[in-house]
Amino acid sequence: MSIPHLFRCPISLDIFTDPVTLCTGQTYDRPCIERWLAAGHRTCPVTMQPLGDATALVPNRTLRHLIERWLSTDQHHNHHLPEPAAPAAEAEADAEEPSLAALKRCLQQPDAAGAGKAKVGALKKVMTLASESDVGRACMVQLGFLPVLLQLVFHAPAAPPSERRGGEAAVVEELALQCALGLMPSSAASPQLGCLNVLKSEASLASLVALLERGRGRTRAGLCRLLEAVATAAATRELALVVAASPRVWQALLPLLRHDGPAPTPAPPHDAHAASDAAVRAVAAICASEPARGGAIHHGAVGALLGHLSWAASGKCASGGCAGAVPSALAAVEALAASEAGRMAVARAPGGTRALVRHVFMMNSSNDGSEHAVAALLAVCRESRAARSEAAGAGVVTLLLLLLQSQCGARAKAKARSLLKLLKSM
């Protein structure tokens, strides 16, 4: 097994023996950084930030522990050891001092009496390690935790919570999902996101749909974040098309855009808002791909997005924090309105044009989505006299003039002028 790059000192490029951290946040092997400082240098070797008198070296005990655990794991892989201990003895040893290998082994054990409780404990340790240490998170990704976690989430079509073993399976699924989200790379170009292709399986996709329909608010929000990653990652382009073409996915996803959407059990308002906003972002990410837009329009994405925008403009989300998803919803409507079918869907949606008008300029927001709202209106009003009349009746001219006097960008102002010119020709 090769040495993870995070276990190498940036000066010597060898594995750390005594990792210490400078005030800049960079970690070095103690002998190397001491030689650097003894030579009269007063800068951080990696960042070149001046250190001044702040040359204290703080032991990085978390990294040291991870390296020791990794070395123990590596030794097990590269040396012939006696036959493994009996499962009970092995579990007892792992419980005393769990290594990454022990945690992964626990998560991979088959379902049996007591396995669920052990998995819950292991997942909580994974979550703690991922939240407290960037190095720990990177190590778990490199050691293949992501596919294991996703397997726990999508192992089979989910049964209703009332049919699960005391709710234990639901807890495992939710914790595994949160752990997977915590380990997922932030870069869409990361090859590690290829593990999401597990959803190409019919059974896994059915499990995702069932969890979207019956999961708790936090679980639904997490699944929407996974769908957003699928739609944007380079390693899941084929899967993104499969998801976009699935009627079952759309039937489970679009109802979540409503903050009053169906829920298996009463959910706290914050969870409902989080699920709704995450669903908006997932839909917007899917609609960013042109091949996916036809399916989105066919399955009712336009009406669902406009309904979300109407709700957001009503003022009911003032305490719910839903405004963050509004620019994504407007961007999605603009993307869908680029096609004739999308423009017709906006024009025919009851109150659809009025919903867009209300987001052209809003006094209580940053107007981040104004450009998308104006662009969508411009596309629809060019082809629909009824949409032009509805927009004018909703006061779009006044809002456009206010937008032109605001600090919005040049592109938004150019589109606003084009829309004003179009309305003037009525």
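From a predicted model like this one, the values you see are computed outputs, not experimental measurements.

Criteria and thresholds
Residues numbered from 1 in each chain as written. Predicted model: local features only at pLDDT ≥ 70, side-chain atom pairs only at ≥ 80, totals over all residues. Heavy atoms only, no water. Helix = DSSP H or I, 4+ residues; strand = E, 2+ residues; numbered from the N terminus. Buried < 20%, exposed > 50% of the residue type's maximum accessible area, 1.4 Å probe, protein only. Contact = heavy atoms within 4.5 Å. Salt bridge = Lys/Arg side-chain N within 4 Å of Asp/Glu carboxyl O. Pairing = 2+ DSSP bridges. pLDDT = per-residue confidence, 0-100. Polar contact = N/O pair within 3.5 Å; in protein donor to acceptor, adjacent residues only side chain to side chain. Core = buried A, V, L, I, M, F, W, Y, C linked by side-chain atoms within 4.5 Å. Domains from an automatic or database assignment. Axes fitted to C-alpha atoms, helices over the stretch in contact; angles between N-to-C directions. Parallel < 35°, antiparallel > 145°, perpendicular 65-115°, else oblique. Nonpolar A, V, L, I, M, F, W, Y, C, P; charged D, E, K, R; others polar. Lys, Arg positive; Asp, Glu negative; His and termini not counted. Left-handed = near helix turned anticlockwise from the far one by under 90°. Expected span 1.5 Å × (residues − 1).

Per the secondary structure count, the protein chain includes 22 helices and three strands. Within the protein chain, the fraction of its 426 residues that count as buried is 45%. Expressed as a percentage of contacts within the protein chain between residues at least 6 apart in sequence, the contacts between residues at least 24 apart total 66%.

Before going further, it helps to examine the pattern of salt bridges. Following the criterion strictly, the structure yields ten salt bridges and no others. The partner of arginine 343 in a salt bridge is glutamate 383, with the nearest N and O atoms 2.9 Å apart. Here arginine 343 is found in helix α17 (residues 340-348), whereas its partner glutamate 383 is found in the loop between α19 (370-381) and α20 (385-393), with 40 residues between them in sequence. For arginine 343, a relative accessible area of 15% translates into the label buried. Glutamate 383 sits in the exposed class, given a relative accessible area of 52%. A network of salt bridges, in which partner residues are shared, links Asp18, Arg30, Glu34 and Arg64.

This next bit is on the sheet that holds strand β1 (residues 19-21). With antiparallel pairing, three strands are arranged side by side in an open sheet as β2-β1-β3. Taken across any chain shown, the strands that pair with only one partner, and hence form the sheet edges, are β2 (27-29) and β3 (58-59). Note that β1 and β2 share three bridges and pair antiparallel. By the bridge assignment for β2, threonine 21 is matched with threonine 27.

Next up on the list: the confidence of the model for the protein chain. Interpretation of the predicted coordinates at a detailed level should be avoided for regions scoring low in pLDDT. In the predicted model, the protein chain carries a mean pLDDT of 84, and the fraction of residues at 70 or more is 83%. Scored below 50 in pLDDT, residues 74-97 shows ten contacts in the model against residues more than four places distant or in partner chains.

Quick look at the side chain of serine 276 now. Along the chain, serine 276 turns up in helix α13 (residues 269-287). Assessed through its relative accessible area of 0%, serine 276 is described here as buried. One polar contact links the side chain of serine 276 to the main-chain carbonyl oxygen of leucine 257, over a distance of 3.0 Å.

Another point: the nonpolar core. Ranked by size, the top nonpolar core spans 128 residues in total, and within it Phe145 and Leu419 carry the most contacts. No other element matches the nine residues that α13 contributes to this core. For this core, the two domains that each supply at least three residues are domain 1 (5-73) and domain 2 (101-260 + 270-348). Phenylalanine 145 has contacts with Leu100, Leu103, Lys104, Leu107, Val126, Met140 and Leu183, leaving out every residue within four places of it along the chain.

Right, let's talk about the packing of helix α10 (residues 217-232) against helix α11 (residues 237-244) for a bit. Where α10 meets α11, the axes come as close as 7 Å, and the angle between the chain directions of the two elements is 125°. The angle between α10 and α11 places the two elements in the oblique class. Counting all contacts with α10, which are made through Leu227, Val230 and Ala231, the residues of α11 involved are Leu239, Ala240 and Val243. Residues that form the contact of α10 with α11 fall into these classes: six nonpolar, no polar and no charged.

With that out of the way, let us pick up the side chain of lysine 413. Of note, lysine 413 is situated in helix α22 (residues 410-424). Buried and unpaired, lysine 413 has glutamate 371 as its nearest opposite-charge partner, separated by 12 Å. Residues in contact with lysine 413, not counting those within four places in the same chain, are Leu403, Leu404, Ser406 and Cys408.

Here we take up the environment of alanine 210. Mapped onto the elements, alanine 210 comes out in helix α9 (residues 202-214). Separated by 42 residues in sequence, alanine 210 and alanine 252 place their C-alpha atoms 8.0 Å apart.

Running from N to C, α19 and α22 cross one another at 30°; their axes reach a closest spacing of 9 Å. On the basis of their axis angle, the class for α19 and α22 is roughly parallel. Considering only the axes of α19 and α22, their crossing is left-handed. Residues Glu371, Val374, Ala375, Leu377, Leu378 and Cys381 of α19 lie in contact with α22, whose contacting residues are Arg411, Ala412, Lys415, Ala416, Ser418, Leu419 and Leu422. In terms of residue class, the contact of α19 with α22 is built from nine nonpolar, one polar and three charged.

Once that is clear, we can look at α22. Helix length check: α22 (15 residues) gives 21 Å between terminal C-alpha atoms against 21 Å at 1.5 Å per residue, within 8%. Among the residues making up α22, those that are buried are Ala412, Lys413, Ala416, Leu419, Leu420, Leu422 and Leu423. Of the surrounding elements, those touching the buried residues of α22 are α19, α20 and α21 (396-404).

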